[in-house]
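Structural description and commentary
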Amino acid sequence: MLSTVTSLHLPPLNHTDSHTHRPNSQNLTTHLLHNFSSPIELKQLHAHLIKTNTPLTSLPLTRIAFVCSLNPSFCYAQKIFKHLENPEILAWNSCLKAFAEGNDPIDAVMLFYQLQSFHVLPDSFTLSFVLKACTRLLDVSNGRVLHGYVEKLGFQSNLFLINMILNLYALCGEVRDARLLFDKMSQRDVVTWNIMMTQLVKRGDIKEAYDLFSRMPERSVRSWTLMISGFVQCGKPKEAISLFLEMEETGVRPNEVTVVAVLAACADLGDLGLGRRIHEYSNQSGFSRNVRISNTLIEMYVKCGFLEDACTVFDGMKERTVVSWSAMIAGLAMHGQAEEALRLFSRMIQIGMDPNDVTFVGLLHACSHIGFVDQGREFFTSMTNDYGIVPRIEHYGCMVDLLSRAGLLQEAYEFITNMPIKPNSVVWGALLGGCKVHRNIELAEEATKHLSELDPLNDGYYVVLSNIYAEAQRWEDTARVRKLMRDRGVKKTPGWSSITVDGVIHEFVAGDEAHPQAQEIFQMWEKLVEKMKLKGYVPNTSVVLLDMEEDQKEKFLYRHSEKLALVFGLMNTGPGTPIRIMKNLRVCEDCHAAFKLISAIVNRKIVVRDRNRFHCFKDGSCSCRDFW
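All values reported here derive from a predicted model rather than from experimental measurement.

It is worth spelling out the overall build of the chain at this point. Within the chain one finds 32 helices and six strands. Split by element, the accessible area of the chain, about 30,500 Å² in all, is 52% carbon and sulfur.

Time to look at helix 10 (residues 175-184). Every buried residue belonging to helix 10 is among V175, A178, R179, L181 and F182, and all of these are buried. In an axial view of helix 10, the angular spread of the buried residues amounts to 160°, which keeps them on one side of the axis. Residues of helix 10 that are exposed and angled more than 90 degrees away from the buried face: R176, L180 and K184. Of the surrounding elements, those touching the buried residues of helix 10 are helix 8 (140-152), helix 9 (159-171), helix 11 (190-202) and helix 12 (206-215).

Strand order in the open sheet formed by six strands is 2-1-3-4-5-6, and the pairing between neighbours is mixed. With one partner strand each, in any of the chains shown, strand 2 (504-509) and strand 6 (621-622) form the two edges of the open sheet. Pairing of strand 1 (residues 496-501) with strand 2 involves six bridges; the strand directions are antiparallel. Paired with S498 across the strands is E507, a residue of strand 2.

Close contact between helix 9 and helix 11 brings their axes to 10 Å; oriented N to C, the two are set at 5°. With respect to helix 11, the element helix 9 is oriented roughly parallel. Contact residues: helix 9 offers L159, N163, L166, N167, A170 and L171, while helix 11 offers V191, T192, I195, M196, Q199 and K202. Partitioning the contact of helix 9 with helix 11 into residue classes produces seven nonpolar, four polar and one charged.

This next bit is on the confidence of the model for the chain. Per-residue confidence for the chain gives a mean pLDDT of 86, with 90% of residues at or over 70. Every residue in residues 1-23 is under pLDDT 50, and counting partners more than four places away or in other chains gives 36 contacts.

The next point concerns helix 24 (residues 409-417). For helix 24, the set of buried residues is L409, A412, F415 and I416. Taken down its axis, helix 24 places every buried residue within 115° of arc, on the same side. Check the buried side of helix 24 and you find it contacts helix 22 (373-385), helix 23 (393-405), helix 25 (425-438) and helix 26 (441-454).

For G316, the location among the structural elements is in helix 18 (residues 307-316). For the pair formed by G316 and S294, sequence separation is 22 residues and the distance between their alpha carbons is 9.3 Å.

On inspection of all chains with the given rule, the structure shows 28 salt bridges. R144 is the partner of D177 in a salt bridge, and the nearest nitrogen-oxygen pair spans 2.8 Å. Of the two residues, D177 sits in helix 10 while R144 sits in helix 8, which places them 33 residues apart along the sequence. Each of E445, R474, D477 and R480 takes part in one network of salt bridges that share partners.

Right, let's get into the packing of helix 3 (residues 61-68) against helix 5 (residues 88-101). At their nearest, the axes of helix 3 and helix 5 sit 8 Å apart, and the two run at 60° to each other. With respect to each other, helix 3 and helix 5 are oriented oblique. Like other packed secondary-structure pairs, helix 3 and helix 5 cross with a definite hand, here right-handed. Within the contact between the two elements, helix 3 uses L61, T62, A65 and F66 and helix 5 uses A91, W92, S94, C95, A98 and F99.

Moving on, we come to the packing of aromatic side chains. Describing an aromatic ring pair means giving the distance of the ring centres and the angle of the ring planes. For the coordinates displayed, the defined rule picks out 18 aromatic pairs. When the ring of F213 is compared with that of W224, the centres are 5.1 Å apart and the planes differ by 80°; the resulting orientation is edge-to-face. Here W224 lies in helix 13 (residues 221-233) and F213 lies in helix 12, a separation of 11 residues in the sequence. W224 shares its class with F213; the two are buried. With a centroid separation of 6.4 Å and an interplanar angle of 65°, the aromatic rings of F360 and F379 are classed as edge-to-face. Note that F360 is positioned in helix 21 (residues 357-370) and F379 in helix 22, a separation of 19 residues in sequence. With respect to class, F360 is no different from F379; both count as buried. Grouping aromatic residues by their ring pairs yields a cluster made of Y210, F213, W224 and F231.

Turning our attention to the state of the cysteines. All told, the structure shown has zero disulfides when counted by the stated rule. Here C616 stays free of any disulfide, with the sulfur of C622 as its closest cysteine sulfur at 7.3 Å. Accessibility expressed as a relative area gives 21% for C616, which makes it partly exposed.

What follows deals with a nonpolar patch on the surface. A cluster of nonpolar side chains, I106, M110 and L137, forms an exposed patch at the surface whose accessible area comes to about 240 Å². Relative to the helices and strands, I106 is located in helix 6 (residues 106-117). By relative accessible area, which is 35% here, I106 ends up partly exposed.

Moving on, we come to the nonpolar core. If you look at the biggest cluster of nonpolar residues, it comprises 159 residues, and the most contacted ones within it are I64, W92, M300 and L431. Leaving out residues up to four positions away in the same chain, L431 has contacts with V400, S404, L409, A412, Y413, I416 and A447. Counting 30 residues, the second-largest nonpolar core is a separate cluster that includes F522, W525, A565 and I606.

How each quantity is defined
Residues numbered from 1 in each chain as written. Predicted model: local features only at pLDDT ≥ 70, side-chain atom pairs only at ≥ 80, totals over all residues. Heavy atoms only, no water. Helix = DSSP H or I, 4+ residues; strand = E, 2+ residues; numbered from the N terminus. Areas by Shrake-Rupley, 256 points an atom, 1.4 Å probe, with all protein chains shown as cover. Buried < 20%, exposed > 50% of the residue type's maximum accessible area, 1.4 Å probe, protein only. Arc of directions from axis to C-beta. Contact = heavy atoms within 4.5 Å. Pairing = 2+ DSSP bridges. Axes fitted to C-alpha atoms, helices over the stretch in contact; angles between N-to-C directions. Parallel < 35°, antiparallel > 145°, perpendicular 65-115°, else oblique. Nonpolar A, V, L, I, M, F, W, Y, C, P; charged D, E, K, R; others polar. pLDDT = per-residue confidence, 0-100. Salt bridge = Lys/Arg side-chain N within 4 Å of Asp/Glu carboxyl O. Left-handed = near helix turned anticlockwise from the far one by under 90°. Phe/Tyr/Trp six-rings, centres within 6.5 Å; stacked < 30°, edge-to-face > 60°. Disulfide = S-S within 2.5 Å. Patch = residues over 30% accessible without salt bridge, like charges linked within 9 Å, V, L, I, M, F, W, Y side chains within 5 Å. Core = buried A, V, L, I, M, F, W, Y, C linked by side-chain atoms within 4.5 Å.

See below:
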């Protein structure tokens, strides 16, 4: 405790004025009053005041409290305080506040108990300072004791104190106690509601959080932002955007945290229109220097398929963090510009910015998409040897993906079996994807065996294995996999694609005949097929996992959701307008081949964001090395 007060070496009491060569009692008193730092020096000062008939009211009470707290001189300080009119708790409160906000908040708790042992009556400020210390320490045990004092001393109506206790319970994971206290509170303010909502959102209980939000008598911008962020975190971007639009209608202005949350929702949904509007609002509100907003803007533009805009944001940043560089590297890799991603990494290293684990995920993805196996191996080794980064499961997954894409399936399998951490479904799924491309049935069966244990209800893995059997015309095995799916209650995820035209999102499912323009779409598709066949297009019916006649397979193939969305876009946008499609599953081989041809036939840029990455089709080619 004494270390918190500046050490002082006092001059001798016979100190003389340098000009008069006589003792200067006033200067000495002033010096002592403001510089004593130990109980001994305090006693010197006390004696000096008595000797010079200086009143004790000139003593700095807060300094006395600091010097005498948490040591045997506590009683001495109390004796001094009792000779003065001011309540001694005022001096101790100053001390408690400093301890609670300092480097050792436990000192505030210790001083509180010392005050109680000497029967010093606390007031509401005393309790608030010690509660602050308990909150910083996440000390729920002493928090409960303080809660008892609040009840005992009649401070139940002090909403500030009750909110502090509520927050402490919630932060310490005592949600049941927090909810019990919340329900018993006779009065609540917006802070009370926000405390409960914050913890429910952190626990992922978005339904209960929204129930509280709906019941709030008044809401602050923090209340709205909490719920919007909560919906984004739990994978409900539509609900997040809907709530944001409702917030706008009430006239509440978004703050910088709100902007980040809404941009993240726009990124997940691919809602470029709202994303651009929020970007404009951010600039008008003076948020352009907020690095977190700029980083989220990069992610939003990347995920909406507008890589150029992401680059513009990145280039315009006055300050960049490792998150900024990592987001841009990942965005370039996702859009098939792997070599540019690697060049950007070189720039990052040249300016002295150290990469983090996320940077290496982007780099490994880039190497995977461009087929740079050796460079990928080098990055994987470098992250540990050069930067001390311990590989996470994502990095192992990237390496398996890299090796599998390159056809090094046996090496990928051995890599998995030698991993120091247990491989998850993503790792085995990467191997399975490689087995499909390179038609390795044996390893595909091995990967599926592990996947059926790790992620038994994920239909995607069963579909891939079925596809592998179908391409090999092993229809009995295909049927066996489909039966296994039925027996286990696994349902195939319906494929859907969406396209935004004039600000309106249009969604299509495979075989969709419900759309008002369905017949026109089918007719235009037939015309496109004729032109494609003249350029060598042959429908890849192997992706149809059904044992049926070839013409029926073609019809089934032509009704894939991304094809319907593409034709709708061609019909309802002007010549030369880029087409941008969002798909929830991977683009199949046939759609990938068809879109390359169509981009040249209609002279349009076609951007498709599927579950894995972006495909940018232009002039008969795709930005990705392969469809996978």
